[in-house]
Amino acid sequence: MTGALIWLIAGILLIIAELLSGDLFLLMVGVGALFGAGSAALTGNPFIDVAVFAIASVGMLALVRPTLKRRFLSGPDIKTNTDALIGARAVVVSTVDGEGGQVKLAGDVWSARCMTDGEPIAPGTSVTVVEIAGATAVVSAAV
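Residues numbered from 1 in each chain as written. Predicted model: local features only at pLDDT ≥ 70, side-chain atom pairs only at ≥ 80, totals over all residues. Heavy atoms only, no water.

J.: Sorry, what's going on with the overall build of the protein chain here?
T.: What the protein chain contains, in helices and strands, is three helices and five strands. Secondary structure elements in the protein chain, listed N-terminal to C-terminal, are α-α-α-β-β-β-β-β. For the protein chain, whose C-alpha radius of gyration is 30 Å, the value lies well above the compact-globule estimate of 15 Å for 143 residues. Its C-alpha atoms give the protein chain principal-axis dimensions of about 85 × 25 × 25 Å. In the protein chain, which comprises 143 residues, the share counted as buried stands at 26%. Nonlocal contacts in the protein chain, meaning residues at least 24 apart in sequence, comprise 48% of its contacts between residues at least 6 apart. About 9000 Å² of surface is accessible on the protein chain, with carbon and sulfur atoms providing 66% of the total. Averaged over its 8 positive side-chain charges, the protein chain has a centre that lies 8 Å from the centre of its 11 negative ones. (Helix = DSSP H or I, 4+ residues; strand = E, 2+ residues; numbered from the N terminus. Rg over C-alpha atoms; globule rule 2.2 N^0.38 Å. Buried < 20%, exposed > 50% of the residue type's maximum accessible area, 1.4 Å probe, protein only. Contact = heavy atoms within 4.5 Å. Areas by Shrake-Rupley, 256 points an atom, 1.4 Å probe, with all protein chains shown as cover. Lys, Arg positive; Asp, Glu negative; His and termini not counted. Charge placed at Lys NZ, Arg CZ, Asp CG, Glu CD.)

Below you can see the structure in the form of structure tokens.
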């Protein structure tokens, strides 16, 4: 029973230490130590306990850790900066044509130009941002 307690304490300490590293390595080894604690409680044979610990740790590191890392690192696709403005609605402040103009976009006045060289877009018209080219919003008439 003393062996199981040592494995249990080691496993808990490794899992707590994982909070500092954040790499999921110590967590996997800590879970392996918990398996070793279970083996020690059941068998009491230190050679079997070490084998169970090693197999569980290697299995967790090889199979579980890559899956968890992929899942944690692939968070949601959140658009930021100018990417977040693409597809947004804007209101024309001064006539926008193929050469220039201004729109009110996300509370700010932006330089803008029309995506097509067709008819100019009059002030007060709602437009959609198609692209951000430098500091200029490329817009098209809203549908």
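J.: Where do I start with the nonpolar core in this structure?
T.: Among soluble globular proteins, nonpolar side chains are generally buried collectively. Within the largest apolar cluster, 15 residues are counted, with the highest numbers of intra-cluster contacts made by Val96, Val103, Leu105, Trp110, Val127, Ile132 and Ala137. Taken together, the elements giving at least two residues each to this core come down to strand 1 (89-94), strand 2 (102-105), strand 3 (108-114), strand 4 (126-133) and strand 5 (136-141). Not counting the four nearest positions on each side in its chain, Val127 is found in contact with Ala88, Arg89, Ala90, Val92, Val103, Ile121, Val139, Ser140, Ala141 and Ala142. Core analysis: the second largest hydrophobic core is formed by five residues, Ala4, Trp7, Ala37 and Ala40 among them. (Core = buried A, V, L, I, M, F, W, Y, C linked by side-chain atoms within 4.5 Å.)

J.: Would you mind going over the packing of helix 1 (residues 2-21) against helix 2 (residues 25-42) with me for this structure?
T.: Each pair of packed helices can be described by the angle between their axes along with the distance between the axes. Between helix 1 and helix 2, the shortest axis-to-axis distance is 7 Å and the interhelical angle comes to 170°. In terms of orientation, helix 1 lies roughly antiparallel with respect to helix 2. Here helix 1 runs over helix 2; the crossing is left-handed. Judged by residue contacts, Gly3, Ala4, Trp7, Leu8, Ala10, Gly11, Ile12, Leu14, Ile15, Ala17, Glu18 and Ser21 of helix 1 engage Phe25, Leu26, Leu27, Val29, Gly30, Val31, Ala33, Leu34, Gly36, Ala37, Ala40 and Ala41 from helix 2. Taken together, the residues of the contact of helix 1 with helix 2 break down into 18 nonpolar, five polar and one charged. (Axes fitted to C-alpha atoms, helices over the stretch in contact; angles between N-to-C directions. Parallel < 35°, antiparallel > 145°, perpendicular 65-115°, else oblique. Left-handed = near helix turned anticlockwise from the far one by under 90°. Nonpolar A, V, L, I, M, F, W, Y, C, P; charged D, E, K, R; others polar.)

J.: Would you take a moment to explain the UniProt feature "domain: NfeD-like C-terminal" (unreviewed entry) in the protein chain for this structure?
T.: The UniProt record annotates "domain: NfeD-like C-terminal" (unreviewed entry) at residues 83-139. Taken end to end, residues 83-139 comprises 0% helix and 51% strand; its first and last C-alpha atoms sit 14 Å apart. (UniProt positions renumbered as here; feature names shortened; annotations may be inferred.)

J.: How should the side chain of Ser39 be read in this particular structure?
T.: Examined against the element boundaries, Ser39 turns out to sit in helix 2. Among residues more than four places away in sequence, those in contact with Ser39 are Gly44, Ile48, Asp49 and Val52.

J.: What exactly am I supposed to notice about the domain arrangement of the protein chain here?
T.: Many structure descriptions define interface size as the accessible area lost when the parts assemble. Taken domain by domain, the protein chain consists of domain 1 (3-70) and domain 2 (82-141). A straight line from the C-alpha centre of domain 1 to that of domain 2 covers 58 Å. (Domains from an automatic or database assignment.)

J.: Which parts of the structure should I look at to understand the sheet that holds strand 1?
T.: Strand pairs in the sheet, formed through backbone hydrogen bonds, run parallel or antiparallel to each other. Pairing is mixed in the closed barrel, where five strands are placed in the order 1-2-3-5-4. Looking at each pair of strands side by side, their axes are set apart by 55° on average, direction ignored. Sheet topology places strand 1 next to strand 2; three bridges connect them, and they run antiparallel. Bridging from a neighbouring strand, Ser94 pairs with Gln102 of strand 2. (Pairing = 2+ DSSP bridges.)

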